[in-house]
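What follows is each chain in one-letter form.
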Amino acid sequence: MIAHAIVFYIFSLIAIVSAIMVTVSKNTVNSVFFLILDFISISCLFIMIGAEFLGMIMLIVYVGAVAVLFLFVVMMLNVAQQKNEWFNSSGRSSHIPVGLLVSIIIFFELIIVIGGWKYKPDLLDSIAIEINTDLTNTQSLGSVIYTDYIHLFQLSGMVLLVAMIGAIVLTFRQRSGVKRQSYFKQISRDRKDGIELVDVENNKGVKIDA
Amino acid sequence: MAELFIFFEQIYKILFLLIPVLVSVAMIVWLDRRVWAFVQKRRGPNVVGPFGLFQTLADALKYIFKEIIIPASSNKVIFILAPIVTMTLALIAWAVIPFSETFVLADINVGILYLFAVSSLGVYGIIMGGWASNSKYPFLGAIRSAAQMVSYEVSIGVIIINVLLCVGSLNLSDIVLAQEDLWFVIPLFPMFIIFFISALAETNRPPFDLPEAEAELVAGYQTEYSGMMYAMFWLGEYANILLMCAMGSILFLGGWLSPIDLFPFNVIPAPIWLILKILFLFILFALIKAIVPRYRYDQLMKLGWKIFLPFSLIYVVLTASFLMYFDLLPGN
C-alpha cells in the first residue's frame, strides 16, 4: 500500500509540475513537450485506479495523435523563436484577467463537484445502470456504451464528423495548374492513345500538341 | 525482505528478456544486409566472424568509439533525449509479448492497446531528433515521418479491430489462444497484407523510408547524429521492426502455436515457433527492401488514407456482419 501511495504521488507530482511548465516555459515547443509529459503521467494515474482502458486510449489518442499534430503545427508556424513575452511584461497583459476568470470558474466547479462527492453523495447519484465489477473495464464500457447509450455515442460521433467536415471545408482550396496523377487514366492508356505514327515531310516538322 | 526479493526477481526477468532482444537486433541487422546483398547478387558482410555474423558488433564498437557531436545551435536537452526515447520505446513494448502460455513478462488485460500505444509513441523520437537538430534536412524528415506514421497508425488500428472482433479480448495471450483452430491469416488474409504494408510504413522501412530518403534529405532526421547516439536510433529502429514482426505473428500467424498439432511439430518448444514466425516476417521485410523502389510522398498518403483506411473499415463491417450472421461472436 505504501508503494502504491509513493507511486501515486510521483505521478501526480510530475503531472502538476509539467502542467505548470506548459504555461511558464518560454519556448512553445517545450510547452508542447511538457503537455505530452502531462498526458502520459495522467494516463499512468488512470491505469493506477484500474481504468486501464481509459489510460491506454488516453495514450493512443492524446499522446499518439493529438499532441503529434500540436507539435506539428507549432513547429511549422515557427513560433519557436517567438518568446512567451506577455507573461513577463506588465504592459499589455490583457490575457491575465481572462485567464484568471476562467481558472476561478473551473476552481469553483471543482469545489462543488468534489465537495458534493465527499459530503453529499446522494446529490450526484445519477448512475442509472448497475456496474458489474466482475468484468474487465473494457468489457463493461463496451456493454454500456453500445447498448444503453448508443444514441448518445452515435451523436458524439456525428459532432466529431461535423467538426471534421468543417475543418476540411474551411481549409480547402482548389488550386489550378496542379498536375494530378490518376491511376485509372494511366492504366487504361493503350497504344492507340499513346503513340501516333506520322510521315514527316522534309523540312516541315511536326506540331506535337495539336 | 520479500518485496526486495520480488523486485530482484523482476529485474532478472526483464534482463532475461531484454538481452536476447538486443542480441537478436544485432543479428537481424546482419541478416537484413545479407538478404539485401543476396537479392542483388552481392556477398554482403562476410568478413568479421563466421559468415560475417559479428559485423554488427564491430559496427557497434566503431560507433561507441566515435566522437558524439552536438550541433552548437541545437536544443541540447531534446537532441540528447531523442535517441533515448526511440530506444526506450522500442524496448518497453517487449514486456507484453507472450512467448508461450506462461512465458510472458506482463500479462495485462489491454496488451494489444499497450502495444499500439507504444508503437504510436515511437514517432516522438523522430520528431524530437529532427526538430532539435535545428537544421533543414532533419526537420523535413521529421515532419514527413510525423504525417506518415500518424496516417498508417489509423489503418493499423482498424486492422486490430478486425482481429479483436474475432477474439473478444484485448489480452495478447487470448488472441493467440483464439487461433488454436484457425490462424487469422486465413479468414483475414487481406487484412494481413494491409497490416504488413502498414507495418513497413510505420517503421519507416523501404519502400516507405521517406523520412530518411538519402537522395533528397541526406539521412533525414538522423543527419546531425553521430557516434553512440546514431547507434541508438539505429538499434531502436530495428527493435521496432522486430516488434512489428512479433505483433504481426501474434495477430495473424498464431503466435507461439505450432502450425499442426502432430508429432514432429508439437515437441518443438513454443517460443521457437514465435521466433521462427518473426524471422519469416522479417525476411519478407528485408526482401521488400531489396526489390521495391521508394514511393513518392503523395502516393504514400493516397495509399494510406484513400485505399487502406476505407478498405479496412469495410472489412470491419464485413467481419462483424459475418460473425453476427453465423452467430460466431465470441463471449456469448
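If you're wondering where the values come from, they're calculated on a predicted model, not measured in any experiment.

## Focus: the overall build of chain B
Turning to step 1, where the next piece is worked out: Across its full length, chain B holds 13 helices and zero strands.
Turning to step 2, where the next piece is worked out: Ordered by position from the N terminus, the helices and strands of chain B form the series α-α-α-α-α-α-α-α-α-α-α-α-α.
Turning to step 3, where the next piece is worked out: Counting only C-alpha atoms and orienting by the principal axes, one finds that chain B spans roughly 65 × 55 × 50 Å.
Turning to step 4, where the next piece is worked out: When the 332 residues of chain B are sorted by exposure, 45% land in the buried category.
Turning to step 5, where the next piece is worked out: Considering only contacts in chain B between residues 6 or more positions apart, those separated by 24 or more positions represent 79%.

## Structural notes on the domain arrangement of chain A
Often, the extent of an interface is quoted as the loss of accessible area on bringing the components together.
Turning to step 1, where the next piece is worked out: Once the domains are mapped, chain A shows domain 1 (1–83) and domain 2 (129–172).
Turning to step 2, where the next piece is worked out: Measuring from the centre of the C-alpha atoms in domain 1 of chain A to the corresponding centre in domain 2 of chain A gives 24 Å.

## Some details on the packing of helix H10 (residues 227–251) of chain B against helix H12 (residues 270–291) of chain B
Residues and elements named next belong to chain B.
Turning to step 1, where the next piece is worked out: Between H10 and H12, whose axes approach to 8 Å, the crossing angle comes to 120 degrees. In terms of orientation, H10 lies oblique with respect to H12. For the crossing formed where H10 meets H12, the hand is right-handed. Each of Ile-241, Leu-242, Cys-245, Ala-246, Gly-248 and Ser-249 in H10 lies in contact with H12, whose residues at this interface are Leu-274, Lys-277, Ile-278, Leu-281, Phe-282 and Phe-285.
Turning to step 2, where the next piece is worked out: Across the contact of H10 with H12, the residue classes tally to nine nonpolar, two polar and one charged.

## Notes on the interface of chain B and chain A
Turning to step 1, where the next piece is worked out: Each side of the interface is counted separately: chain B has 16 residues, and chain A has 15 residues.
Turning to step 2, where the next piece is worked out: If you list the elements that add at least two residues to the side of chain B that touches chain A, you get helix H4 (111–121), helix H5 (123–132) and helix H6 (136–167) of chain B.
Turning to step 3, where the next piece is worked out: Residue contributions to the side of chain B that touches chain A peak at six residues, all from H4 of chain B.
Turning to step 4, where the next piece is worked out: Looking at the side of chain B that touches chain A residue by residue, the class counts come to 13 nonpolar, two polar and one charged.

## Some points on H5 of chain B
Turning to step 1, where the next piece is worked out: In terms of burial, H5 of chain B is largely enclosed, as ten of its ten residues are buried.
Turning to step 2, where the next piece is worked out: Those residues of H5 of chain B not exposed but buried are Val-123, Tyr-124, Gly-125, Ile-126, Ile-127, Met-128, Gly-129, Gly-130, Trp-131 and Ala-132 of chain B.
Turning to step 3, where the next piece is worked out: Taken together, the buried residues of H5 of chain B touch helix H2 (28–48) and helix H3 (52–76) of chain A together with helix H3 (76–92), H4, H6 and H10 of chain B.
Turning to step 4, where the next piece is worked out: Positive backbone phi, approximately 55 degrees, marks Asn-134 of chain B, located one or two places after H5 of chain B.

## Side note on the nonpolar core
Turning to step 1, where the next piece is worked out: Formed by 119 residues in total, the largest nonpolar core has its most connected members in Val-163 and Leu-242 of chain B.
Turning to step 2, where the next piece is worked out: Look past the residues within four positions of Val-163 of chain B in its chain and what remains in contact with it is Ile-175, Phe-184, Leu-188 and Leu-251 of chain B.

## Points about H3 of chain B
An α-helix turns once every 3.6 residues. As a result, residues three or four positions apart point the same way.
All names here are of chain B.
Turning to step 1, where the next piece is worked out: For H3, with 17 residues, the first-to-last C-alpha span of 25 Å sits near the 24 Å given by 1.5 Å per residue.
Turning to step 2, where the next piece is worked out: Bending of H3 peaks at approximately 25 degrees at the position of Ala-82, with proline Pro-83 no more than four residues after it.
Turning to step 3, where the next piece is worked out: Every buried residue belonging to H3 is among Phe-79, Ala-82, Pro-83, Val-85, Thr-86, Met-87, Leu-89, Ala-90 and Leu-91, and all of these are buried.
Turning to step 4, where the next piece is worked out: The inward-facing, buried residues of H3 abut helix H1 (2–39), H4, H5 and H10.

Quick notes on the rules
Starting from 1, residues in each chain are numbered consecutively following that chain's sequence as written. Chain letters and ligand numbers both follow the written order, the letters beginning at A and the numbers at 1. It should be noted that, the model being predicted, local features are given only for residues of pLDDT at least 70 and side-chain atom pairs only at 80 or more, the latter also being counted only at that level, while totals for whole chains, interfaces and linings use all residues. Each helix is a run of DSSP H or I of at least 4 residues and each strand a run of E of at least 2, with the numbering of both proceeding from the N terminus. To sort residues by burial, count the other C-beta atoms lying within 10 Å of each one's C-beta; a count of 20 or more means buried, 12 or fewer means exposed, and anything in between means partly exposed. C-beta atoms are built from the backbone. A pair of residues counts as a contact when their C-beta atoms, built from backbone coordinates, are separated by no more than 7 Å. An automatic or database domain assignment supplies the start and end points of every domain. Each axis is a line fitted through C-alpha atoms, taken for helices only over the stretch in contact, and angles between the N-to-C directions span 0 to 180 degrees. Oblique is the label for any angle not covered by the other classes, which are roughly parallel (under 35 degrees), roughly antiparallel (over 145) and roughly perpendicular (65 to 115). Rotating anticlockwise by less than a right angle from the far helix to the near helix defines a left-handed crossing, while the corresponding clockwise rotation defines a right-handed one. Nonpolar residues are Ala, Val, Leu, Ile, Met, Phe, Trp, Tyr, Cys and Pro. Charged residues are Asp, Glu, Lys and Arg, and all others, Gly as well, are polar. Here a nonpolar core is just a set of buried residues of the types Ala, Val, Leu, Ile, Met, Phe, Trp, Tyr and Cys, joined wherever their C-beta atoms sit within 7 Å. Multiply 1.5 Å by the residue count of a helix minus one, and that product is the helix's expected span. To get the bend at a given residue, fit one axis to the seven residues ending there, fit another to the seven starting there, and take the angle between those axes.

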